[in-house]
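Geometric and topological summary
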Amino acid sequence: MQIFSCPFCGPRPETEFHFGGEAGNDRPHGGASVPAQDWAAYLHLRHNPKGAAREIWMHTTCLEVFVMERDTLSMRAEPGQALGGHA
Ligand SMILES: [Zn+2]
């Protein structure tokens, strides 16, 4: 089992975390005026890097949402950086 580090609680088993997606995939601004291809890219296209990745995770026991840097090859995960909530 892998250990992830919550910014609020510290190291915990990976089963306590929920993946929230790729960090930096910001929702397009402009509502209905946003071109369909921009919405499609936002909803469906991912970088899926081989190696270093920045991801959004939530610790389901304290509900802290944070960005974690994780290496998809080595599975090494750096301590997370809080996005809000308890910080
Ligand atoms: Zn936590």
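See the structure printed just above.
For the structure given in this document, a descriptive report is provided here. (Residues numbered from 1 in each chain as written. Predicted model: local features only at pLDDT ≥ 70, side-chain atom pairs only at ≥ 80, totals over all residues. Heavy atoms only, no water.)

As for the coordination of the zinc ion
Geometry sets the ideal angles at a metal, namely 109.5 degrees for four tetrahedral donors and 90 or 180 degrees for six octahedral donors. Protein coordination at the zinc ion comes from C6 (SG), C9 (SG), H59 (ND1) and C62 (SG), with a distance range of 2.0 to 2.4 Å. Note that the zinc ion binds four donor atoms; their angles at the metal cover 104 to 117°, and the shape is tetrahedral. Of note, the zinc ion draws all its donor residues from one chain, in the sequence arrangement C-x2-C-x49-H-x2-C. With a relative accessible area of 26%, C9 lands in the partly exposed category. (Donors = N, O, S within 2.8 Å, 3.2 Å for Na, K, Ca; no water. Tetrahedral: all angles 85-135°; square planar, octahedral: opposite > 155°, others 65-115°. Buried < 20%, exposed > 50% of the residue type's maximum accessible area, 1.4 Å probe, protein only.)

Digging into the pattern of salt bridges
Scanning the entire structure with this criterion turns up four salt bridges. R12 is the salt-bridge partner of E16, the closest N and O atoms lying 3.9 Å from each other. Taking relative accessible area as the criterion, R12 reaches 31% and is therefore assigned partly exposed. Notably, a salt bridge pairs R70 with E55, separated by 2.7 Å at the nearest N-O pair. Pair noted here: R70 is in strand β5 (residues 64-71) and E55 is in strand β4 (residues 52-59), with a separation of 15 residues, a long-range link. With respect to burial, R70 and E55 carry one shared label: buried. (Salt bridge = Lys/Arg side-chain N within 4 Å of Asp/Glu carboxyl O. Helix = DSSP H or I, 4+ residues; strand = E, 2+ residues; numbered from the N terminus.)

Just geometry here; none of it tells us what the structure is for.
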